[in-house]
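# Understanding the architecture of this molecule
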Amino acid sequence: MRKRVFSVLAHIVLISASILMLYPLLWLLAASFKPDNQIFNTGIWPTADWSLDAYFRGWNAMRVSFSVFFMNSFVIAILSIIGNLFACSMAAYAFARMEFKFKNFWFAMMLMTLMLPSQVTIIPQYVLFRDLGWINTILPLVVPKFLAVDAFFIFLMVQFFRGIPRELDEAARMDGAGPWRIYWKIMLPLSTPVLVTAAIFTFIWTWDDFFGPLIFLNRMQDYTVTLGLRTFVDSTGESDFGGLFAMSVLSIVPIFLFFLIFQRFLIEGIATTGMKR
Amino acid sequence: MTINAADAAVHNAASRRSIWSRAWENHAPGYLFLLPWLIGFIGLTVGPIISSFYLSFTNFDLLTPARWVGLENYQRMFTNDRNFAAAMRVTFTFVLFSVPLKLAFALLVAILLNRGMKGLPLYRALFYLPSLLGASVAIAILWRQIFAGDGLVNQFLANFGIIGPSWISNPNYSLWTLIILSVWQFGSPMIIFLAGLRQIPQDMYEAASLDGAGKWRQFWKITVPLLTPVIFFNAIIQTINSFQSFTPAFIISNGTGSPINSTLFYALYLYNEAFSFFRMGYASALAWFLLFLIACFTAFSFLTSKYWVHYDD
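Attention here is on the structure that accompanies the text. Predicted, not measured: the structure shown is a model, and the values here were computed from it.

What counts, and at which threshold
- Starting afresh in each chain, residues are numbered from 1 along the sequence in its written order.
- The order in which chains are written sets their letters, starting at A; the order in which ligands are written sets their numbers, starting at 1.
- For this predicted model, a pLDDT threshold of at least 70 governs which residues receive local features, and a threshold of 80 or more governs which side-chain atom pairs are given and counted, while totals over whole chains, interfaces and linings are taken from all residues.
- Side-chain figures throughout are based on the complete set of non-hydrogen atoms in the structure, without hydrogens or water.
- Each helix corresponds to a stretch of at least 4 residues labelled H or I by DSSP, and each strand to a stretch of at least 2 residues labelled E; elements are numbered beginning at the N terminus.
- In this treatment the radius of gyration is a C-alpha quantity, and the globule benchmark scales as 2.2 Å times the residue count to the 0.38 power.
- For the exposure calls, accessible area comes from a 1.4 Å probe over protein chains only, and a residue counts as buried if that area is under 20% of its type's maximum, exposed if over 50%, partly exposed in between.
- Between two residues, a contact is recorded if the distance between any of their heavy atoms is within 4.5 Å.
- Only the protein chains shown count as cover for residues, and all accessible areas are computed by the Shrake-Rupley method using a 1.4 Å probe.
- The charge count treats Lys and Arg as positive and Asp and Glu as negative. His and the chain ends do not count.
- To locate a charge, take NZ of a lysine, CZ of an arginine, CG of an aspartate or CD of a glutamate.
- Reported buried area values correspond to the accessible surface (1.4 Å probe) lost by two parts on association, with both partners' losses combined.
- Just to be clear on terms, a salt bridge is a Lys or Arg side-chain nitrogen sitting within 4 Å of an Asp or Glu carboxyl oxygen.
- Two N or O atoms count as a polar contact when they lie within 3.5 Å, although within protein this holds only if one can serve as hydrogen donor and the other as acceptor, and sequence-adjacent residues are included solely when both atoms are side-chain atoms.
- Residue polarity is assigned by list, with Asp, Glu, Lys and Arg as charged and Ala, Val, Leu, Ile, Met, Phe, Trp, Tyr, Cys and Pro as nonpolar; anything else, Gly included, falls into the polar class.
- With a 1 Å grid spanning the protein atoms alone, the term cavity applies to any set of points in which a 1.4 Å probe fits but cannot get out, the term pocket to an open set with protein on both sides within 12 Å along at least five of seven lines, and the term lining residue to any residue with an atom within 4 Å of a point.
- Grid points are joined across faces, edges and corners, and a volume is the space filled by probe spheres set on the points.
- Here an axis means a line fitted to C-alpha atoms, over the contact stretch when the element is a helix, while the angle between two N-to-C directions is reported on a 0 to 180 degree scale.
- By definition in this entry, angles of less than 35 degrees are roughly parallel, angles greater than 145 are roughly antiparallel, angles of 65 to 115 are roughly perpendicular, and the rest are oblique.
- Handedness of a crossing is defined here by the sense of rotation of the near helix relative to the far one, left-handed for an anticlockwise turn of less than a right angle and right-handed for a clockwise turn.
- Working definition: a ring pair exists when centres of Phe, Tyr or Trp rings (six-membered ring for Trp) sit within 6.5 Å. Plane angles under 30 degrees give stacked, over 60 give edge-to-face, the rest tilted.
- Patch membership needs two things, relative accessible area over 30% and no salt bridge, and members are linked within 9 Å if like-charged or within 5 Å if nonpolar (Val, Leu, Ile, Met, Phe, Trp, Tyr).

Moving on, we get to the overall build of chain A. A tally of helices and strands in chain A yields 13 helices and zero strands. Of the regular secondary structure in chain A, the N- to C-terminal order runs α-α-α-α-α-α-α-α-α-α-α-α-α. For chain A, the C-alpha radius of gyration of 23 Å lies well beyond 19 Å, the compact-globule estimate for 277 residues. Taking the principal axes of the C-alpha coordinates as reference, chain A spans close to 75 × 70 × 35 Å. Classification of the 277 residues of chain A by burial places 53% in the buried group. For chain A, restricting intrachain contacts to residue pairs at least 6 apart in sequence, the fraction spanning at least 24 positions comes to 72%. Of the roughly 12,800 Å² of accessible surface on chain A, 67% is carried by carbon and sulfur atoms. Averaged over its 21 positive side-chain charges, chain A has a centre that lies 8 Å from the centre of its 17 negative ones.

The structure is reproduced here in structure tokens:
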């Protein structure tokens, strides 16, 4: 009996907490469908007329339409995923399975970069990329991923690779397979879960990234969605709330979809490794 | 004799070659796999660290070559920069309140969810969603509207006849709205707590309750001690991230840290010094001080951890 009461109480607490958590998001969603004059002075749900007006208005409100911003964000995100998966898994394979001089030293260095605040490296990196003529291109945002700068994923993959039975690659070596073949034909196919996790988080983090694009992209036609949204706030001031909210909703839709599809991977990824944020 | 010596020389050369070629065979494949990371590590991490350390002793505006000024930047930080003092105050207040509150919520909800109740996956997903969206510009924009003068919070308060201030533009409250935003994103530490709670063997609770220990006592004597490694981990990650918080403050204050520097986060101040005013030397000094702060905090945590973190061994 006492147990039952407690469980009902727990559900009540959790349900109210969920509502409190989600209310702002629902409000944002509802507001994006309201006519402008109703956004602030009615309840959460649109009273009479739902309208997609704000979406059309917002999409083309600026000199450059949001289709360009979305395209840019997608290109950067996809290249980042490819880069991260390749470079991080190669480094992780070396750390997990190969023997070479100073391996432990490099491994310790890699772990130390996990702690390093990005503010320390960003200024010299900016100078470097500027000297290379890369400012206002996507290169500063993408090339580092091909050089495994997100050490976090290396760490994640090392942990996973260590769990794969050594007999498998030793048997392959007996059969005369070289390291590249073992990496490509055995380790990677067996590592789908960790690769998927890394891909999902790379997508979400690059999609959300504001700092990188803010520093390296200065021309509106190169903007990502996050920069476009921020410019929207500045350029329309506080007048076109409907359009602003509609574009805000659209900007989080890809993340939300990823969340729905890959929820299990995301949560396992967090739980087993303790992701940032 | 001479023939033997020549033989030996040839033999030595051969074996030397074989040492090299063996070394090559043994170590090269590993280094080939490590190569992308090594290039990135040296070119984009070690190089920049050294160079930013050097720049922190110079005046550098990107256009003219860096000019050596010795300790001037650091001197200015500690003696003659009100904005730096403000940024320190704002950042420490933020870390001091947002991290413990966030972890407390995360732990509370994780414990409620760990009772094996129905609907766990749904709740878990709902609570995690804000964390996932948390860093996005859209959420910061939303927050700005929620705490605006005519925003959601004040509409709610109006039901009770309270006329709320414009939270965002009032220096007494603006930082607190950002703390609330951060606490709202308790989802990811919560999931880590849940995973940790699942590791605690149930029979320990059964044994304790046979010995007559109540729920409250069980919580303090079993749950908390066994969870300290996870608490420790969450606290470190959250604190390091909070020190570097940037996007929400940037969006909510239009990049200025206004009103009256009340949301001038350290990372925001650093960004402005570097990329709005092009004081790259000074900004490098700020970055190095941030590194120093984080290193001190981490070292301190690890040193004290042996007194309160219990690893089962």
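The subject of this paragraph is the interface of chain B and chain A. Interface size is commonly expressed as the accessible surface area that is lost when the partners come together. With 86 residues of chain B at the contact, the number on the chain A side is 90 residues. Taking both sides of the interface into account, the surface hidden between chain B and chain A amounts to around 7,700 Å²; carbon and sulfur atoms contribute 78%. Sorting the residues of chain B by area buried against chain A places B:Phe33, B:Trp37 and B:Leu44 first, and these three jointly supply 11% of that buried surface. The interface formed by chain B and chain A holds zero salt bridges in total. Our enumeration of links across chain B and chain A arrives at eight residue pairs in polar contact (both at pLDDT 80 or more). The class makeup of the residues in the side of chain B that touches chain A is 62 nonpolar, 19 polar and five charged.

All right, on to the layout of surface pockets then. For the second largest pocket, the calculated volume is near 1,300 Å³. Here the lining of the second largest pocket takes eight residues from helix 10 (residues 215–243) of chain B, the largest share from any one element.

For the rest of this paragraph, the subject is the pattern of salt bridges. Residues and elements named next belong to chain A. For the structure shown, the criterion picks out six salt bridges over all chains. Its salt-bridge partner being Asp150, residue Lys145 comes within 3.4 Å of it at the nearest N-O pair. Its relative accessible area of 21% is what places Asp150 among the partly exposed residues.

This part is about the packing of helix 7 (residues 151–162) of chain A against helix 10 (residues 192–208) of chain A. All names here are of chain A. Where helix 7 contacts helix 10, the two axes come as close as 10 Å, and the packing angle between them is 165°. Between helix 7 and helix 10, the interaxial angle falls into the category roughly antiparallel. Like other packed secondary-structure pairs, helix 7 and helix 10 cross with a definite hand, here right-handed. Counted together, Phe152, Phe153, Leu156, Met157 and Phe160 of helix 7 and Pro193, Val194, Leu195, Thr197, Ala198, Phe201, Thr202 and Trp205 of helix 10 form the full contact between these two elements.

Before going further, it helps to spend a moment on the packing of aromatic side chains. All names here are of chain A. By the definition in use, this model includes 74 aromatic pairs over all chains. For the pair Phe66 and Phe70, a centre-to-centre distance of 6.4 Å together with 55° between the ring planes defines the contact as tilted. Remark: Phe70 and Phe66 occur in helix 3 (residues 66–97); sequence separation between them is four residues, near one turn of the helix. For the pair Phe66 and Phe70, a shared accessibility class is recorded, and that class is buried. Here the aromatic rings of Phe86 and Trp184 are separated by 6.1 Å at their centres, their planes lie at 15°, and the arrangement is stacked. Of this pair, Phe86 sits in helix 3 while Trp184 sits in helix 9 (residues 179–190), placing them 98 residues apart in sequence.

All names here are of chain A. A cluster of nonpolar residues, Phe74, Ile78, Ile82, Phe86, Phe146, Trp180 and Trp184, forms a patch on the protein surface that exposes about 650 Å² of accessible area. Of all the elements in the fold, those that place two or more residues in the nonpolar patch are helix 3 and helix 9. Summarising the element assignment, Phe74 is placed in helix 3.

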